[in-house]
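Residues per chain, in single letters:
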Amino acid sequence: MEPLLKVENLHVRFASYAGNVHAVRGVSFEVGRGEVLAIVGESGCGKTVTAKAAMRLLDRTNAIVDKDSRIELDGQDMLHMPRRKLNTIRGKDISMIFQDSMTSLNPTMTVGKQIMENLLTHTSMTKGAARKRAKELLELVEIPDPEDRLDCYPHQLSGGMRQRVMIAIALACDPKLLIADEPTTALDVTIQAQLLDLLGRIKEQNGMSVILVTHDLGVVASFAQRVQVMYAGQIVEHGTVEDIFKRPKHPYTWALLSSIPGRALSSKSELYALKGTPPDLRRPLIGCPFAERCEYCMGICKKQCPSETEVSEGHSASCWLCHEFAPKVQPPRIFGGNE
Amino acid sequence: MENLPLNEQDFIPLGASASEGEVLAGKPMTYWQDAWQRFRKNKVALFAAILLVIIALFTIFGPAICGYDFTAQNVKIRNQAPSTEHWFGTDSLGRDLFARVAVGGRVSIIIGICGALIVGVIGCLYGGLAAYFGGRVDMVMMRIVDILSSIPNLLLVILLSVVLESSSIPTLLFAMTITSWCGVARIVRAQMLQINRSEYVMAARIMGVSPVKIVLTHFIPNTISVIIVNLTFRIPGFIFSEAFLSYVGLGVAAPNTSWGTLASAAQSTLLFYPYQMLFPSLFIALTTLSFTLMGDGLRDALDPKMRR
Amino acid sequence: MMNNNEILYDVQGLSRYFPSKRGVVKAVDDVSFQIRKGETFSLVGESGCGKTTCGRTLLGVYSKTAGKVLYHGVDKDSLNKAQQKEYLQKNQMIFQDPYACLDPRMSIASIIEEGMKVHFSYSASERTAICAELLHEVGLPAEFLSRFPHELSGGQRQRIGIARALAMNPEFIVCDEPIAALDVSIQAQVVNLLIRLQKEMGLTYLFISHDLSMVKHISDKIAVMYLGSIVELGTPDVIYNRPMHPYSKALLSAIPVADPDGNWAKKRIPLTGEVPSPVDAPAGCKFWKRCPYAKETCKEQRPALRELETGHFVACHFTEEL
C-alpha cells in the first residue's frame, strides 16, 4: 500500500548570527497507514525540525528548506502547496501536539472554544454540533466532567489535563497523521503512563498514523512500531522496534541503548558514557558525523559518509561496519539481554 | 555523492578520536566581547550607532566647520535659502542655521543623555533598595511609584516649568525627571528579584558568601545590561520632551537654543521658509530614531535569553 | 554494610510550610530520615511532592517550620559562629538547571573561586592551580578557566557546577535533579563523575530526582515521597523489587522500560487521577483518594512510617494485607 507520508532528501538550514546551521541533512523516510514511527535522538539532532518541516511549521523568516526536498502527504506535495490549501490540510489531515501545553494553548480562550475553533474551520458543523463534538472529544481523552471543563481556561487545568486537551484539539477532525513532539516529556511518570495508554487506544480506534518525536527510549519501546535514530541531522539507523532494541547495528544506537541505567550490570558501576559532543552543525561534515566519538571508527569513516545499507528487510543502518570489507565487530554485551 | 573506489586499507579500526577532555569552538570571549560580536552583526543597529557618532561630531565641531557664530546676527542676509555660503540657510535675524542646528543639538543631546542618567541613578537606587528590603518596605515603596506614575507626565512638566519660572537646562531636567525614574525603578526591582531567586545566588549563599559580596558580584553585573538597554530607549523620550517644551515656549531661553526652539521659531514662517523647520526636525527625527534602533540592537546583543 | 558508618544527618519531623492565598502549602510535612556518612540517600517522587524543598530546608536555604536537623549528632540550630562557617563550607549543593546555576557574567575561574575566597586563604596563584586541578577532576581542560558559561554545553556547565561544589572540599552535597535537563549520553557522563567522586573523596549525597531508573543505579537508600511525606524508605533492592506501599508500586510500574518485550502496559498498576494540590491534602492517608485499596481507616488516620523489616519503612495501615 502507498505510504501516508513520504519524505525525500529533506534538507533544512537555519540562519543564525554565527553562521548557517545545517540542521537536517538529507533525511528520507516513510510513514505507513496506521503505523507509529518514533524519531529518537538527543537534543539538537534535528528530530523536531524534521517533524515540523513535515507540517510546514518552520519559521519562514530564517528556516530554509532546500529546493529538491520533497514531502508528500497522501500523494500531495506539501512543500510547494499554496498557503490556502495548506491551511485546509493542517489541523484536519495532519495535526501536531507539542511538549509544552502551557504555551501551545491560548490562555485567553476557554478549552471548549479552542476545540470548537478547529472543528468550525475545517467542517461545516454548526456551533451547537461543534460543542457537542468538543464534549465527546473531552470524553475521549478521559477528562472527568467534560461539560464543565469546556468552559475552563487552560490555567485552571493541571499539566496532564492540558496535554489531554491538546490531544483533543489535535484529534478534533480525525487526522490521518498525528505528530507528537515529546508529548510526555514535561509530565510525571504516572501521568505519562496514563497519556501513552490513551494515545495507544485512540490510535487503535481511529487507525491514524503517529510520528512520535522523543528522546526517551523507554517510551519508544512501549509505544512505537518502527524507530529511526537520528544523529547530527541524519538518520543513522531505522528499523522495527525489535530490530533497534535487539539487533541494533549502528554504534550510536549501541551507545544510546548502553547509557540507559536500567541495563547496567550492577548498581554504582560505571555507566557507559559517550565521550565528546555532537559535531558543530554550522560546518560541513566530511565522512560519518559520528566518526569522532565512535569506538569502532575506521579510516574510511573520516573520508566518506556511509550510505544506507539494508541489514534485513526494513532495517537499515548508515555505517561502514555493515560493509563487506569491514572487520566483524561484536556489539557491547548488554544487548545479549535475556537471550 | 561521488563514491570513491574503496579498498580494504580504509577499513582498519582506529577507535574514537574524541578526546576525554572536551574542546571548544572559537576563541575565548568575555560576555562583553560576545555582546559586541552580536551587535556588530546587526547592520541596522550598527548604522544607527555610526549615525549617532556623526551627529555628535556635527554638534561638537559644526560651528567651527562653517565658521559662523550661532549668535551673530546679520540683517542683510535674513531668511536666505540653503546655499554654498550658508549650508542650511539663515533665519529671520540672519543667523547661520548650520551653526544654530549644531549648537541646538548640543542642548538636545545633553538633555537626553543627562535625563537618562539621572533617572537611571535614581531608579537603580530606589528599585534596588525596594528589592533589597523586600516585604512591607518594598510594598510601600512600589505603591509610591504607582501613585507617581499615575500623574500625567506632561502636565506635571508644564506646571513645573511655569512655577519654577526659569528656563535653564537644570530646571528642564528637574521637571522632566521628577516622575520618569519610576519606570527604571520598576525594571531594576523586577530584575533584582529575578536574580535573587536564581540558582547561582542560592549557590553563593550556601557557600557562605557575604551579602555585600553577592550584591557586587552577582546583582550589579547582571542588572547593568538591562539598565543600559532601558536607558538607551529613554534618551529619545527626553529629546522629544525637550523639543516639545521648547516648542510650546517653555524651553531654553535665547540666545541659547535647542532643536525644539529652532523648530518653534520656524513655525510662524513655515509656508515661506520650510527649510528652517526641516533641518531641526530632521535632526530630532534622525537622533530619536537612531537611539531607538541602537537600543533594539543592544537589547538583542545583551539579552541573556538569546544566548543559549 | 553501611550500618557501621556514622550518621551524618539525623532529620526528625522536618516540616516546611509556605503560606499561599488558598491556604497553607505543606510542602514538607513531618519528614524523618537519617543519612549515613559515605552513602547516597535519594528522594524520589513526582513534581510537587516536596523533594526539592526538603533538600533546601535541610541545608537551611529555606527556614524550617518545625522539626530538628542533627548534623554529626548536634542540633544545627545550636552551632556557634565558627561551626556555622564550617557547616557552610562542608555542605554544598548542585542544581538542576545548568543554564541558571552559573552567573553568565563571571568567568569559569571566578565561579569556581567564589566560595574558596570566603573559606580558605589561598594566594591567587594557588587558587588558579586548584581550579585547574578541579577542572581536570571533572574532566575538562584547564583552558576553560578563562571561558564564560555561555560558551559551554549543558553537560559541561553541570560539571562546572560540580567543580564549584568540590572547591569547598565538602563532605555532603545535595544533588537537586542534577541530570534532569541533560541528554541521555551526557547524563551517564555526569552520573559516572558523581559516583567516581564519591568513591575517591568519601562524599555523602542527598540525591533528588524523578528519574527512577537513575536513582536505582546510584543510591544506597531511597525514600519515596508523596505530597510532602515519605511513604516508603529502603534500599534500592527492596524498593524496586519488593515495594510495599501502593503508591511506590504504581510509581515504579509506570517507568517505561526500554525493552519491546517488556509488556510494560500489561504489568502496570494504573493510577487514576492526579496528584492533589498540597493545599488541600486529604486528612488521613494522603494517598487514599487514589489508592485502590483504601479503607475507612485510611480516610481518618494518617499512617506512621513503620519498620517492616530492618531498614525498610512503609507508611501504610494495611501493607501486610496487600
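Please read these numbers as outputs of a predicted model, since none were measured by experiment.

*Asks:* Just to check I follow, could you spell out the overall build of chain B for this structure?
*Replies:* When you go through chain B residue by residue, the secondary structure sums to eleven helices and zero strands. For chain B, the succession of helices and strands along the chain, N to C, is α-α-α-α-α-α-α-α-α-α-α. What you see for chain B is a C-alpha radius of gyration of 27 Å, clearly larger than the 19 Å of a compact globule of 308 residues, by over 25%. Dimensions along the principal axes, computed over C-alpha positions, put chain B at roughly 95 × 70 × 30 Å. By residue count, 38% of the 308 residues in chain B fall in the buried class. A separation of at least 24 residues holds for 68% of the contacts in chain B among residues at least 6 apart in sequence.

*Asks:* I tried to follow the overall build of chain C on my own but got confused; where do I start?
*Replies:* Helix and strand content of chain C: eleven helices and twelve strands. Relative to a compact globule of 322 residues, whose C-alpha radius of gyration would be 20 Å, chain C shows 21 Å and is just as compact. If you line up chain C on its principal axes, its C-alpha atoms span 70 × 55 × 45 Å. A buried classification covers 51% of the 322 residues belonging to chain C.

*Asks:* So what exactly am I meant to see when it comes to the pairing of strand 10 (residues 226-231) of chain A here?
*Replies:* The side chains of a regular strand alternate, residue by residue, between the two faces of the sheet. Residues and elements named next belong to chain A. Among the six residues of strand 10, six are classified as buried, and the element is accordingly described as predominantly covered. Burial of strand 10 is two-sided: the residues Arg-226, Gln-228 and Met-230 facing one way and the residues Val-227, Val-229 and Tyr-231 facing the other way are all buried. As paired elements, strand 3 (residues 36-40) and strand 10 share four bridges and run parallel to each other. Within strand 10, the residue paired with Ile-39 across the bridge is Gln-228. Bridge analysis of strand 10 against strand 11 (residues 234-240) gives six bridges, and the strand direction is antiparallel. Residue pairing for strand 11: Arg-226 is matched across the bridge by Thr-240.

*Asks:* Would you mind going over the packing of helix 4 (residues 135-150) of chain B against helix 7 (residues 181-197) of chain B with me for this structure?
*Replies:* In a pair of packed helices, the angle between the axes and the distance between the axes together describe the arrangement. Residues and elements named next belong to chain B. As a packed pair, helix 4 and helix 7 sit with axes 9 Å apart at the nearest point and diverge in direction by 145°. At the point where helix 4 passes helix 7, the crossing takes the left-handed sense. Contacts between helix 4 and helix 7 involve Val-145, Leu-148 and Ser-149 on the former and, on the latter, Cys-182, Ala-185 and Arg-186. Classifying every residue of the contact of helix 4 with helix 7 by side-chain character gives four nonpolar, one polar and one charged.

*Asks:* Explain the interface of chain A and chain C to me, please; I cannot follow it from the model alone.
*Replies:* Where interface size is given, it is often the accessible area lost as the parts come together that is meant. The interface is formed by 36 residues belonging to chain A together with 35 residues belonging to chain C. Split into classes, the residues belonging to the side of chain A that touches chain C amount to 18 nonpolar, eleven polar and seven charged.

*Asks:* When you look at the nonpolar core in this model, what are you seeing that I'm missing?
*Replies:* For soluble globular proteins, the rule of thumb is that nonpolar side chains tend to be buried together. Grouped together as the largest cluster of nonpolar side chains are 272 residues, with contacts concentrated most on A:Ala168, A:Leu177, A:Val229, C:Leu206 and C:Val224. No other element matches helix 3 (residues 97-133) of chain B, which puts 14 residues into this core. Taken together, domain 1 (5-224) and domain 2 (230-336) of chain A each give at least three residues to this core, which thus spans both. With residues near it in sequence (within four places) discarded, C:Leu206 still touches C:Ile35, C:Phe41, C:Leu43, C:Gly55, C:Leu58, C:Val174 and C:Cys175.

*Asks:* Sorry if this is basic, but what is going on with unusual backbone geometry here?
*Replies:* A negative phi holds for most residues other than glycine; trans holds for most peptide bonds. Residue and element names in this part refer to chain C. The phi dihedral of Asp-30 is positive, around 55°, even though this residue is not glycine. Residue position: Asp-30 is located in strand 2 (residues 23-36). Here Asp-30 falls in the partly exposed class, since 18 other C-beta atoms lie within 10 Å of it. One non-glycine residue, Leu-227, adopts positive backbone phi at about 50°. In this fold, Leu-227 is placed in the loop between strand 9 (221-226) and strand 10 (229-234).

*Asks:* Help me understand helix 10 (residues 259-267) of chain B in this model?
*Replies:* Residue pairs spaced three or four apart in an α-helix point in one direction, given the helix's 3.6 residues per turn. All names here are of chain B. Taken across its nine residues, helix 10 has eight buried, putting it largely inside the fold. Looking only at helix 10, the buried set comprises Trp-259, Gly-260, Thr-261, Leu-262, Ala-263, Ser-264, Ala-265 and Ala-266. Its buried side turned inward, helix 10 meets helix 3, helix 9 (211-247) and helix 11 (274-302).

*Asks:* Hey, could you run me through helix 3 (residues 108-119) of chain C in this one?
*Replies:* Buried within helix 3 of chain C are the following residues: C:Ile108, C:Ile111, C:Ile112, C:Glu113, C:Glu114, C:Gly115 and C:Met116. On its buried side, helix 3 of chain C packs onto helix 8 (199-206) of chain B together with helix 4 (124-137) and helix 5 (154-166) of chain C.

*Asks:* Explain the sheet that holds strand 8 (residues 204-209) of chain C to me, please; I cannot follow it from the model alone.
*Replies:* Backbone-to-backbone hydrogen bonds join strands into a sheet, with any given pair of strands oriented parallel or antiparallel. All names here are of chain C. On the basis of which strands lie adjacent, the open sheet formed by eight strands has the order 6-7-8-3-9-10-12-11 and mixed pairing. At either end of the open sheet lies a strand with only one pairing partner, and these are strand 6 (91-94) and strand 11 (306-309). Neighbouring strand axes in the sheet, compared pairwise and without regard to direction, differ in orientation by 25° on average. Strand direction decides the pairing type here: strand 7 (residues 172-176) and strand 8, joined by five bridges, are parallel. What sits directly across from Ile-173, in strand 8, is Tyr-205. Of the strands in this sheet, strand 6 and strand 7 are in contact with helix 5, which crosses strand 6 at around 175°.

*Asks:* Looking at this structure, I do not really get the sheet that holds strand 4 (residues 66-71) of chain C. What am I missing?
*Replies:* All names here are of chain C. Overall, antiparallel pairing links the four strands, which are arranged 2-1-4-5 in an open sheet. Edge positions in the open sheet fall to strand 2 and strand 5 (74-75), since each of these has one partner strand only. The pairing of strand 1 (residues 7-20) with strand 2 spans ten bridges and is antiparallel. What sits directly across from Arg-16, in strand 2, is Val-28.

*Asks:* Is there a simple way to explain the environment of A:Ala224 in this structure?
*Replies:* Residue and element names in this part refer to chain A. The residue Ala-224 is located in the loop between helix 9 (217-223) and strand 10 in this model. Along the sequence, Ala-224 and Val-241 sit 17 residues apart, while their C-alpha atoms lie 6.8 Å from each other. Ignoring any residue separated from it by four or fewer positions in sequence, one finds Ala-224 in contact with Val-36, Leu-37, Ala-38, Leu-212 and Val-241.

*Asks:* Looking at this structure, how should I read the pairing of strand 11 of chain A?
*Replies:* Residues and elements named next belong to chain A. Across the seven residues of strand 11, six count as buried, placing the element largely inside the fold. Two elements, strand 11 and strand 13 (residues 315-317), share two bridges in a ladder whose sense is antiparallel. Counted as the bridge partner of Glu-237 is Ala-317 from strand 13.

*Asks:* Would you mind going over the environment of C:Tyr122 with me for this structure?
*Replies:* All names here are of chain C. Along the chain, Tyr-122 falls in the loop between helix 3 and helix 4. Given 14 C-beta atoms within a 10 Å radius, Tyr-122 is considered partly exposed. Between the C-alpha atom of Tyr-122 and that of Phe-172, which follows or precedes it by 50 residues, the distance is 22 Å. Residue contacts for Tyr-122: discarding those within four places in its chain leaves Met-116, Arg-127 and Ile-130.

*Asks:* Can you walk me through the environment of A:Lys47 in this structure?
*Replies:* Residues and elements named next belong to chain A. Relative to the assigned elements, Lys-47 resides in helix 1 (residues 47-54). Lys-47 gets classed as buried once you count the C-beta atoms within 10 Å, which come to 29. Spatially, the C-alpha atom of Lys-47 lies 15 Å from that of Val-31, the residues being 16 residues apart in sequence. The residues contacting Lys-47, other than those within four sequence positions of it, are Ile-39, Gly-41, Val-213 and Met-230.

Rules of the game
Residues numbered from 1 in each chain as written. Chains lettered and ligands numbered in written order. Predicted model: local features only at pLDDT ≥ 70, side-chain atom pairs only at ≥ 80, totals over all residues. Helix = DSSP H or I, 4+ residues; strand = E, 2+ residues; numbered from the N terminus. Rg over C-alpha atoms; globule rule 2.2 N^0.38 Å. Buried ≥ 20, exposed ≤ 12 C-beta atoms within 10 Å, placed from the backbone. Contact = placed C-beta atoms within 7 Å. Pairing = 2+ DSSP bridges. Axes fitted to C-alpha atoms, helices over the stretch in contact; angles between N-to-C directions. Left-handed = near helix turned anticlockwise from the far one by under 90°. Nonpolar A, V, L, I, M, F, W, Y, C, P; charged D, E, K, R; others polar. Core = buried A, V, L, I, M, F, W, Y, C linked by C-beta atoms within 7 Å. Domains from an automatic or database assignment.

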